[in-house]
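The chain contents come next:
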Amino acid sequence: MDSSASSSSKLAAISNAATMNGKAVATTTKTSKWWGPQNRQPVIALHGWQDNAGTFDRLCPLLPAHIPIFCIDLPGHGKSTHYPKGMQYFIFWDGICLIRRLVRRYGWEKPILMGHSLGGALTFMYSACYPDEVSKLINIDIAGPTVRNVDTTAEKTGWALDKFLDYETLPLSKMPCYDYEEMIKLVIDAYDGSVDKESVKVLMRRGMAPVPEEIQRDGFNFARDIRLKVSLLGMFTKEQVMAYAKRIRCKVLNIRAQPGMSFHNPSIYEEIIEVLKQNAEFVIFEKVTGTHHLHLVTPERVAPIISDFLLKS
């Protein structure tokens, strides 16, 4: 068996073993996972930056089984297609449009949206753009889009553009190659305590791929588009975020991890929550002990809160 076939077989075995758990009730496609019955409108669930739909694999089996949840790989993430060369990722605006495409394509009405990190910023923005069309908003360790200092953004824009072009023209020969355990350790270290080994293994079911045959080595690299590492462009100011927050009218559940993510401007999180409380139908704000990825590492801590919100609110 050639090297690429060996890597493909190993990755398939890892994925298949994960879906043989008796509690798993997911229908998996190339770019999504649908949990629960397929004859009802689902909760739309969006993952965080450089993660994938697998981020909800441990949470969904703990939520009410009769409520379907549709988890997708955002463009360039997980198993989703990468943008062609020459196209720029504007991760916030692209994601909002993606939600709209789904809603319009399937005719979903008053959707329930759930997001973690970047995914939560996207669901926040969609709820603000269509304030009368969202039923419920569930966000995990994120209040709204990341706020950036305008002077810092101006200073680093040139760097970001060059970095993006460097990644776009990176020759295949320079693509890194890792064995399975190396990749798991690399991700654990990169997430700086937010995930443990078992949760990284869950993410990497969709987050890694065998290296291309042309490299002629046995191993894996990241499935996501390397250009996603340049995330500076298209960020928001505080004034923009607050203006959007005022437009949200639906029922809101926000779960803030403790200590969770460390933000550049930590006070803005609760300022957004206060604005939401003044304008949304109602807001439930829960602080839960855990890391930024608490829904993946310790899902039992947030599942009852989310379940109550889905069933009773």
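Above this text you will find the structure in question.
Described in the following lines is the structure provided in the data block. (Residues numbered from 1 in each chain as written. Predicted model: local features only at pLDDT ≥ 70, side-chain atom pairs only at ≥ 80, totals over all residues. Heavy atoms only, no water.)

Overview of the sheet that holds strand 9 (residues 251–259)
The 8 strands lie next to each other as 1-2-4-3-5-6-9-10, forming an open sheet whose pairing is mixed. Unpaired on one side and paired on the other, strand 1 (26–28) and strand 10 (282–290) mark the two borders of the sheet. Put simply, the sheet's adjacent strands are angled 15° from each other on average, direction ignored. Where strand 3 (residues 43–46) lies against strand 4 (residues 69–72), 4 bridges are found, and the strand directions are parallel. Residue pairing across strands places isoleucine 44 opposite phenylalanine 70, the latter belonging to strand 4. Helix 3 (residues 118–129) rests against strand 3, strand 5 (112–116) and strand 6 (136–140) of the sheet, and its axis sits at about 145° to strand 5. (Pairing = 2+ DSSP bridges. Helix = DSSP H or I, 4+ residues; strand = E, 2+ residues; numbered from the N terminus. Axes fitted to C-alpha atoms, helices over the stretch in contact; angles between N-to-C directions. Contact = heavy atoms within 4.5 Å.)

Details of the packing of aromatic side chains
A ring pair, where both rings are aromatic, is described by two values, the distance of the centres and the angle of the planes. Applying the stated criterion across every chain, the model contains 13 aromatic pairs. A centroid spacing of 4.2 Å and a plane angle of 5° characterise the contact between tyrosine 83 and tyrosine 89, whose relative ring orientation is stacked. With respect to class, tyrosine 83 is no different from tyrosine 89; both count as buried. Plain terms: the ring middles of tyrosine 126 and tyrosine 130 are 4.8 Å apart, the flat faces sit at 40° to each other, and that makes the pair tilted. By relative accessible area, tyrosine 126 is classed as buried at 0%. Using a relative accessible area of 25% as the deciding quantity, one classes tyrosine 130 as partly exposed. Through pairs of rings, three or more aromatic residues link up here, namely Trp34, Phe70, Tyr106 and Trp108. The side chain of arginine 100 reaches across the aromatic face of tyrosine 130, ending 3.7 Å from its centre. (Phe/Tyr/Trp six-rings, centres within 6.5 Å; stacked < 30°, edge-to-face > 60°. Buried < 20%, exposed > 50% of the residue type's maximum accessible area, 1.4 Å probe, protein only. Lys NZ or Arg CZ within 6 Å of the ring centre and 35° of its normal.)

So, the layout of surface pockets
The computed volume of the largest pocket comes to approximately 1000 Å³. Trp49, Gln50, Ser117, Met261 and His292 are the residues nearest the centre of the largest pocket, which is lined by 41 residues in total. At the level of secondary structure, the elements contributing two or more residues to the lining of the largest pocket comprise helix 2 (91–106), helix 3, helix 5 (180–190) and helix 6 (197–207). For the lining of the largest pocket, the per-class residue count stands at 18 nonpolar, 18 polar and 5 charged. (1 Å grid on protein atoms, 1.4 Å probe; cavity = no way out; pocket = protein on both sides within 12 Å on 5 of 7 lines; lining within 4 Å. Points joined across faces, edges and corners; volume = space filled by probe spheres on them. Nonpolar A, V, L, I, M, F, W, Y, C, P; charged D, E, K, R; others polar.)

Some remarks on unusual backbone geometry
The linkage connecting glutamine 258 with the following residue, proline 259, adopts the cis geometry, with an omega of 10°. Residue glutamine 50 is not a glycine yet carries a positive backbone phi of 65°. Among the structural elements, glutamine 50 can be located in the loop between strand 3 and strand 4.

Comments concerning the pattern of salt bridges
Tallied over the full model, the rule gives 14 salt bridges. The salt bridge involving lysine 238 is made with glutamate 271; its shortest N-O contact spans 2.8 Å. Here glutamate 271 lies in helix 8 (residues 267–279) and lysine 238 lies in helix 7 (residues 238–245), a separation of 33 residues in the sequence. The exposure class of lysine 238 is partly exposed, given its relative accessible area of 32%. Here glutamate 270 ties to lysine 287 by a salt bridge, and the two come within 2.9 Å at their closest N and O atoms. Note that glutamate 270 is positioned in helix 8 and lysine 287 in strand 10, a separation of 17 residues in sequence. (Salt bridge = Lys/Arg side-chain N within 4 Å of Asp/Glu carboxyl O.)

Concerning the nonpolar core
Considering soluble globular proteins, one finds that nonpolar side chains tend to be buried as a cluster. In terms of nonpolar packing, the biggest core is built from 53 residues, with Phe92, Leu122, Phe124, Ile248, Val252, Ile272 and Leu276 touching the most fellow members. At the level of secondary structure, the elements contributing two or more residues to this core comprise strand 3, strand 4, helix 2, helix 3, helix 4 (150–168), helix 7 and helix 8. When near neighbours in sequence (up to four residues on either side) are disregarded, leucine 276 contacts Phe124, Ala245, Ile248, Val252 and Val283. Counting 25 residues, the second-largest nonpolar core is a separate cluster that includes Ala53, Met114, Leu253 and Ala257. (Core = buried A, V, L, I, M, F, W, Y, C linked by side-chain atoms within 4.5 Å.)

Don't take any of this as a statement about function, it's just geometry.
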